Amino acid sequence: MLYDRPLTGEQRRISQLNYNRFSAVNGASYMCLGETVIILFAVKLSAPNFIVAVIGAMMFLGFLLLPLGKIATAHFGAARSQAVFWVARNLSALLVLPLSRELAWGTLLLGSFLFYGFRAAGVVMSQPLIGDISSDTDRARLIAKSTGLFYGSGLAAMITISLVLSRYDNLWVLVGIIVAGACC
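Residues numbered from 1 in each chain as written. Predicted model: local features only at pLDDT ≥ 70, side-chain atom pairs only at ≥ 80, totals over all residues. Heavy atoms only, no water.

Draft legend 1. Local environment of the overall build of the chain. Within the chain one finds 9 helices and 0 strands. Listed N to C, the secondary structure of the chain is α-α-α-α-α-α-α-α-α in terms of helices and strands. The C-alpha radius of gyration computed for the chain amounts to 18 Å, which stays within 12% of the reference 16 Å derived for 184 residues, consistent with globular compactness. Dimensions of the chain along its principal axes, counting C-alpha atoms only, are 55 × 35 × 20 Å. For the chain, the residues scored as buried account for 41% of the 184 residues in total. In the chain, the proportion of contacts linking residues at least 24 apart, taken out of those at least 6 apart, comes to 79%. (Helix = DSSP H or I, 4+ residues; strand = E, 2+ residues; numbered from the N terminus. Rg over C-alpha atoms; globule rule 2.2 N^0.38 Å. Buried < 20%, exposed > 50% of the residue type's maximum accessible area, 1.4 Å probe, protein only. Contact = heavy atoms within 4.5 Å.)

Draft legend 2. Representation of the packing of helix 1 (residues 9-33) against helix 9 (residues 171-183). Contact pair helix 1 / helix 9: the axes reach a minimum separation of 8 Å and the direction vectors enclose 150°. Taken together, the axes of helix 1 and helix 9 are roughly antiparallel relative to one another. Regarding helix 1 and helix 9, the two cross each other, and that crossing is left-handed. Contacts between helix 1 and helix 9 pair S29, C32 and L33 from the former with I177, I178, G181 and A182 from the latter. Class assignment for the residues of the contact of helix 1 with helix 9 results in 5 nonpolar, 2 polar and no charged. (Axes fitted to C-alpha atoms, helices over the stretch in contact; angles between N-to-C directions. Parallel < 35°, antiparallel > 145°, perpendicular 65-115°, else oblique. Left-handed = near helix turned anticlockwise from the far one by under 90°. Nonpolar A, V, L, I, M, F, W, Y, C, P; charged D, E, K, R; others polar.)

Draft legend 3. Broad picture of the pattern of salt bridges. Counted according to the given criterion, the structure contains 3 salt bridges. For the salt bridge of R13 with E10, the shortest nitrogen-to-oxygen distance reads 2.7 Å. Taken together, the positions of R13 and E10, both in helix 1 and 3 residues apart, correspond to about one turn of that helix. The exposure class of R13 is partly exposed, given its relative accessible area of 46%. Of the residues examined, E10 reaches a relative accessible area of 42% and is grouped as partly exposed. In this structure, the salt-bridge partner of D169 is K44, at a minimum N-O distance of 3.1 Å. (Salt bridge = Lys/Arg side-chain N within 4 Å of Asp/Glu carboxyl O.)

Draft legend 4. Molecular detail of the environment of T73. Checked against the element boundaries, T73 lands in helix 4 (residues 66-76). Setting aside residues no more than four positions away along its own chain, T73 makes contact with A78, S81 and M125. Separated by 2.7 Å, the side chain of T73 and the backbone oxygen of G69 make a polar contact. (Polar contact = N/O pair within 3.5 Å; in protein donor to acceptor, adjacent residues only side chain to side chain.)

Draft legend 5. Region of the structure containing the packing of aromatic side chains. According to the stated counting rule, one finds 7 aromatic pairs in the structure shown. With 5.8 Å between their ring centres and 65° between their planes, F22 and W86 make a pair best called edge-to-face. Highlighted residues: F22 in helix 1 and W86 in helix 5 (residues 78-93), separated in sequence by 64 residues. Look at F22 and you get partly exposed, because its relative accessible area is 26%. Seen from their ring centres, F150 and Y151 are 5.0 Å apart, and the 90° between their planes marks the pair as edge-to-face. Among the aromatic side chains, those forming a connected cluster through ring pairs are Y30, F115, Y116, F150 and Y151. (Phe/Tyr/Trp six-rings, centres within 6.5 Å; stacked < 30°, edge-to-face > 60°.)

Draft legend 6. Spotlight on the nonpolar core. Ranked by size, the top nonpolar core spans 30 residues in total, and within it F41, L108, I177 and I178 carry the most contacts. Looking at this core, the elements with two or more residues in it are helix 1, helix 2 (35-44), helix 3 (49-61), helix 6 (104-123), helix 8 (139-167) and helix 9. Per-element accounting of this core gives the leading share, 6 residues, to helix 9. Filtering out sequence-adjacent residues up to four positions away, I178 remains in contact with C32, L33, V37, F41, A93, L94, V96 and L97. Of all hydrophobic cores here, the second largest spans 7 residues; its members include A78, L129, I130 and L142. (Core = buried A, V, L, I, M, F, W, Y, C linked by side-chain atoms within 4.5 Å.)

Below, the structure written as structure tokens:
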């Protein structure tokens with residue numbers, strides 16, 4: 001919901017709570033979808049080294065979609081744009097799952113580019129969003145808590161992924177991890 005006035009204390013509190021929830025879920029989701037798992041997936045598919053290297057660079061190539069985030073934010077607002085781009089990011093991660101060996105390298109590259117592109121477009125306005133849902137006195141606490149939740153849940157997800165892959169090392173387990181991350 002958009003307001004033409006500053007948020008009340010209660011609205012800021014609820015918004016911060018929701019932002020922190022988003023950060024926690026996003027951290028776990030990102031670790032299931034990020035370059036570590038996508039690169040493991042590519043290696044499991046016997047991708048050529050240049051494909052693996054390009055996937056590793058997608059985080060930076062995805063910044064090409066930063067202007068899309070700014071344009072969307074101007075039309076729809078920071079929170080709605082970030083939400084739409086995060087859903088698009090997670091759906092794009094599913095494109096890395098090739099339908100056939102012939103399409104494998106193309107879908108891996110397209111899916112990872114869109115994943116990181118939509119991530120960049122979504123994150124472009126996160127700091128102004130934080131500025132809108134916090135005051136000067138609670139902004140540092142919000143940033144610290146949301147960042148801690150992101151990295152804490154990400155660490156828990158990576159430990160879980162490591163344990164699962166040490167026990168069940170096959171392609172379908174990686175597919176399951178990517179699908180679970182997209183569902184988050």
